[in-house]
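Structural description and commentary
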Amino acid sequence: MKIVIDDKIPYIKGAFEEKAEVIYLPGSKTTPDIVKDADVLVTRTRTICNEKLLSGSSVKFIATATIGFDHIDIDYCATHGIQWTNAPGCNSKSVEQYIASVLMVLATKKNLQLKELRMGIVGVGNVGKKIARLCDLLGMKVLLNDPPRERTEGSSGFVSLQTVMEEADIITLHVPLNMKGEDATYHLADEPFFAKLKRQPVLINSCRGEVVETEAVKTAIAQQQISSFVCDCWEHEPGIDLDLLSQTELATPHIAGYSKDGKALGTQMSVHAVNTFFNLGLNDWQPSGVEKPQNPVIEINGSGLTEQQILAKAILATYDIRQDDATFRNNTAQFEQLRGDYPTRREFPAYTIIPTKITDETIAKLRQLGFNIDNK
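All values reported here derive from a predicted model rather than from experimental measurement.

The rules we used
- Residues numbered from 1 in each chain as written.
- Predicted model: local features only at pLDDT ≥ 70, side-chain atom pairs only at ≥ 80, totals over all residues.
- Heavy atoms only, no water.
- Disulfide = S-S within 2.5 Å.
- Buried < 20%, exposed > 50% of the residue type's maximum accessible area, 1.4 Å probe, protein only.
- UniProt positions renumbered as here; feature names shortened; annotations may be inferred.
- Helix = DSSP H or I, 4+ residues; strand = E, 2+ residues; numbered from the N terminus.
- Contact = heavy atoms within 4.5 Å.
- 1 Å grid on protein atoms, 1.4 Å probe; cavity = no way out; pocket = protein on both sides within 12 Å on 5 of 7 lines; lining within 4 Å.
- Points joined across faces, edges and corners; volume = space filled by probe spheres on them.
- Axes fitted to C-alpha atoms, helices over the stretch in contact; angles between N-to-C directions.
- Parallel < 35°, antiparallel > 145°, perpendicular 65-115°, else oblique.
- Left-handed = near helix turned anticlockwise from the far one by under 90°.

The next subject is the state of the cysteines. One way to say it: the disulfide is the covalent bond shared by the sulfur atoms of two cysteines. Under the criterion given, the structure shown has zero disulfides. The cysteine Cys77 is free of any disulfide, with Cys49 supplying the nearest cysteine sulfur at 7.0 Å. Judged by relative accessible area, which is 1%, Cys77 ranks as buried. No disulfide involves Cys90; its sulfur sits 13 Å from that of Cys233, the nearest cysteine. Given the relative accessible area of 7%, Cys90 is considered buried.

With that settled, the discussion passes to the UniProt feature "binding site: NAD(+)" (unreviewed entry) in the chain. UniProt's entry tags Asp146, Asp232 and Gly257 with the feature "binding site: NAD(+)" (unreviewed entry), counted in the numbering of this structure. Tracing the sequence through the fold places Asp232 in the loop between strand E10 (228-231) and helix H10 (242-247). Taking relative accessible area as the criterion, Asp232 reaches 1% and is therefore assigned buried. Leaving out residues up to four positions away in the same chain, Asp232 has contacts with Tyr98, Asn205, Ser206, Glu237, Thr252, Pro253, His254, Ile255 and Ala256. With respect to the helices and strands, Gly257 occurs in the loop between strand E11 (250-251) and helix H11 (260-278). A relative accessible area of 14% places Gly257 in the buried class. With sequence-adjacent residues up to four places away left out, Gly257 is seen in contact with Asn91, Ser94, Val95 and Arg345.

Throughout the structure, instances matching the rule amount to one cavity of 30 Å³ or more. Of the volumes computed, that of the largest cavity is approximately 50 Å³. Lining the largest cavity are Val4, Ile5, Asp6, Gly27, Thr30, Leu41, Val42, Thr43 and Thr47. Elements that contribute at least two residues to the lining of the largest cavity include exactly strand E1 (2-6) and strand E3 (40-43).

This part takes up the packing of helix H4 (residues 92-110) against helix H5 (residues 126-137). Contact geometry of H4 with H5 gives a least axis separation of 9 Å together with a crossing angle of 40°. Between H4 and H5, the angle is such that the two are oblique. Crossing angle aside, the handedness with which H4 passes H5 is right-handed. Side by side, H4 and H5 meet where Ser92, Lys93, Val95, Glu96, Ile99, Ala100 and Leu103 of the first sit next to Asn126, Val127, Lys130, Ile131, Arg133, Leu134 and Cys135 of the second.

Turning our eyes to something else, we now look at the UniProt feature "binding site: substrate" (unreviewed entry) in the chain. The sites that UniProt annotates as "binding site: substrate" (unreviewed entry) are Thr45, Thr66 and Tyr258. For the annotated residues, spread through 214 residues, the largest C-alpha to C-alpha distance comes to 13.1 Å, consistent with a single compact locus. Structurally, the position occupied by Thr45 is in the loop between E3 and helix H2 (51-54). Judged by its relative accessible area of 21%, Thr45 is partly exposed. Dropping the residues within four chain positions of it, Thr45 is found in contact with Thr64, Thr66, His71 and Arg339. If you trace the backbone, Thr66 turns up in the loop between strand E4 (61-64) and helix H3 (74-79). For Thr66, a relative accessible area of 15% puts it in the buried group. Excluding residues that lie within four positions of it along the chain, Thr66 makes contacts with Arg44, Thr45, His71, Asn86, Ala87 and Cys90.

Set out below in structure tokens:
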């Protein structure tokens, strides 16, 4: 048995070595010659798993350690007996942390009271549900738009995209990339979309680059149809539009889901999927060696601070998007390297807060976000 693994997938070395021949390679070097006698590919989004790569190969199973799977030609796989799996929800807590940081930075820069704002969430799956919970904790009014879920579950709790466009102060996109069909999301945010916005909202894209049309969003910024654009996912990655980058409020190189926790979970889900398919006896395998935060203890004195300011201190102590923004702007030609060598980021549960002069109500919200509390 031969398994080819993308060498950027963390914590996976040693998982399969006793069961198979294992080859670790960069995604760009995973070629037809390499995979022709492989049984399994464990991969990421940069490896396009299509006929060009897979034709004539012995590949039986593909596991992508990512939430997205548009790099896998599922029709080709279906007609050639190749099973595949992704890792849905593995990075949802990481994206929640990313959006929390965005909101706190915007609130600080623009002197916003988040509890006075309406958040439109387009796409309410694994990620969107966590963002909705986050915004609810922050006291924001939440507008949920998810046509597939609405058709299945009924209209209660959901609003139309038109309502989001008319009423939201901030719009955050969390949809998969669908190129066609009733739920197509390719260029969802296009010129007609921006023309219908009523409140000059902030737009955040941390799902797929092609969901936002580049020229349309540049026009929207120039015409002040939106007040600012926060972008983690870009069309034509890694060859992104530098003119758009210069006009963004906050910009990052597709790392919203790049916490160590999210990556470890994605790896675990992939290993377990391969194990289940081939019955390898790895049911209890878990990733090890996940790096701890440099400063896992956060001391917060809430004297004279509002609840929003206290929550901001906690959130930004774990992740401050402004650091990634500055690094990206200074190294725009190194998009892939910035992703591949992304530094340690741990999610809220990896941190303990020591609170002073903070109300029980605010402490409860910190716990709900996932923080540990040490009431010394």
